Amino acid sequence: NMQKIFDKILSIKNKHKSRIVFDTRDLKKNDIFLGIKTQNNDGSLYFKDAIRKKASLILINNSKAYHQNIIHINNIDYFILNFCKFLLSQYKGKIIAITGSVGKTTIKENIFNILKKNNFIVSKSYKNFNNKLGLKFSIMNMNLKSNYSIFELGINAPLEMKSLVKILNPHYCLVTGIENSHIGNFKNFNTLVNNKLQIFQSKNLIKGLINYSHS
């Protein structure tokens, strides 16, 4: 039962201040390990490292692994998506999302510090984990008791912003400078701008802000 696992994760997080991690090299005692499959690797194969480092819970798709802290999940991606949806449905605070070519992390840190100075409880996304998987891990690690949660959204291809926003549905959206030099996989500058602006398609949008300077 998925809901039971969600509740178990939350009670472990509350008890031990555990983080959810997908790389055993980052794992500290009592953390929760989620074994994900990428193009180059399969996290489920690293369950022994997670046991050795005393993970409090190990969620993997690996039927050959047995341990009291291991829970078998057939479809990890589906589990993660549903866990994120569950957490966001429980969250009572406001979500701030930042995108743009430059300055995302700096602005995230600044907003975080300003809100903290004003005695709000603030949660922020980890490092610059800003792609789809990174966003999901940031959601899984957010502080549900915070008044504000700040996320960076980074995109490298068309339609990515649409899928990030569909997951997160932020209340406040901020677009920092968009630069011509960051065109990457986009047809042209306008396509890049239009894809970034899809951040404003959030169904929870209260306010959006664009810092627009065309170079």
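Residues numbered from 1 in each chain as written. Predicted model: local features only at pLDDT ≥ 70, side-chain atom pairs only at ≥ 80, totals over all residues. Heavy atoms only, no water.

## Some details on the overall build of the chain
The condition is simple: Helix and strand assignments come from DSSP, with helices taken as H or I runs of at least 4 residues and strands as E runs of at least 2, each series counted from the N terminus. Two things to know: the radius of gyration comes from C-alpha atoms, and the globule rule equals 2.2 Å times the number of residues to the power 0.38. Note on contacts: a residue pair qualifies if any of its non-hydrogen atoms lie within 4.5 Å across the two residues. Accessible surface area values rest on a Shrake-Rupley calculation with a 1.4 Å probe, where residue burial reflects the displayed protein chains alone. Under the convention used here, Asp and Glu are negative, Lys and Arg are positive, and both His and the chain ends fall outside the count. A single reference atom marks each charge: NZ on Lys, CZ on Arg, CG on Asp, CD on Glu.
When helices and strands are counted, the chain shows 7 helices and 9 strands. Relative to the 2.2 N^0.38 estimate, which gives 17 Å for 215 residues, the radius of gyration of the chain is 18 Å and therefore close to what a compact globule would have. Counting only C-alpha atoms and orienting by the principal axes, one finds that the chain spans roughly 55 × 40 × 30 Å. Residue pairs at least 24 apart in sequence account for 64% of intrachain contacts in the chain once pairs closer than 6 positions are excluded. Summed over all atoms, the accessible surface of the chain reaches about 12000 Å², with 51% contributed by carbon and sulfur. Where the 33 positive side-chain charges of the chain centre and where its 11 negative ones centre are 6 Å apart.

## Thoughts on the pattern of salt bridges
Which entries qualify depends on this criterion: Basic side-chain nitrogens of Lys or Arg form a salt bridge, by our definition, when they fall within 4 Å of a carboxyl oxygen of Asp or Glu.
If you walk through the whole model with that rule in mind, you get 6 salt bridges. Linking R19 and D31 is a salt bridge whose minimum nitrogen-to-oxygen distance equals 2.8 Å. With R19 in the loop between helix 1 (2-16) and strand 1 (20-21) and D31 in the loop between strand 1 and strand 2 (32-34), this residue pair connects regions lying 12 residues apart in the sequence. For D42, the salt bridge goes to K37, with nearest N and O atoms at 3.4 Å.

## Thoughts on the confidence of the model for the chain
Rules: Per residue, pLDDT measures the predictor's confidence, with a range of 0 to 100.
Confidence in the prediction of the chain, expressed as mean pLDDT, is 90, and 96% of residues score 70 or more. Of all helices and strands in the chain, the one with the weakest mean pLDDT is helix 7 (residues 189-196) (87), whereas strand 5 (residues 94-99) scores best (96).

## Looking at the nonpolar core
Which entries qualify depends on this criterion: Nonpolar cores were defined as sets of buried Ala, Val, Leu, Ile, Met, Phe, Trp, Tyr and Cys residues, with membership established by side-chain atoms within 4.5 Å. Relative accessible area decides the class of each residue, using a 1.4 Å probe on protein chains only: under 20% of the type maximum gives buried, over 50% gives exposed, and in between gives partly exposed.
Ranked by size, the top nonpolar core spans 45 residues in total, and within it I9, L34, L59, I139, M140, L153 and L168 carry the most contacts. The element contributing the most residues to this core is helix 3 (residues 76-90), with 8 residues. The next biggest cluster of nonpolar side chains, apart from the first, holds 10 residues, and it includes F33, F47, A50 and I58.

## Thoughts on the sheet that holds strand 4 (residues 70-72)
For clarity, the cut-off: We call two strands paired when DSSP finds no fewer than two bridges between them.
One open sheet holds the 4 strands; their spatial order is 1-2-3-4, and the pairing between them is parallel. At either margin of the open sheet sits one strand with a lone partner, and together these are strand 1 and strand 4. Two elements, strand 2 and strand 3 (residues 57-60), share 3 bridges in a ladder whose sense is parallel. When the sheet's bridge partners are listed, I32 is paired in strand 3 with L57.

## Focus on the sheet that holds strand 9 (residues 207-210)
In plain terms, the rule: Axis angles are defined between N-to-C directions and span 0 to 180 degrees, where every axis is a line fitted to C-alpha atoms and, for a helix, only to the segment in contact.
As summarised here, the arrangement of the 5 strands in space is 6-7-5-8-9, forming an open sheet in which the pairing is parallel. A strand with exactly one partner marks an edge of an open sheet, and here the two such strands are strand 6 (122-124) and strand 9. With direction set aside, neighbouring strand axes in the sheet form an average angle of 15°. Pairing analysis gives 4 bridges linking strand 8 (residues 172-175) to strand 9, with the strands arranged parallel. Residue pairing in the sheet places V175 in a bridge with I210 of strand 9.

## A closer look at the side chain of S123
Stated precisely, the cut-off is as follows: Polar contact is defined as a pair of N or O atoms within 3.5 Å, subject to the rule that within protein one atom must be able to donate a hydrogen and the other to accept it, and that residues adjacent in sequence are counted only when both atoms are side-chain atoms.
Along the chain, the position of S123 falls in strand 6. Of the residues examined, S123 reaches a relative accessible area of 7% and is grouped as buried. Here the side chain of S123 touches N143 through a polar contact of 3.2 Å, landing on its backbone nitrogen.

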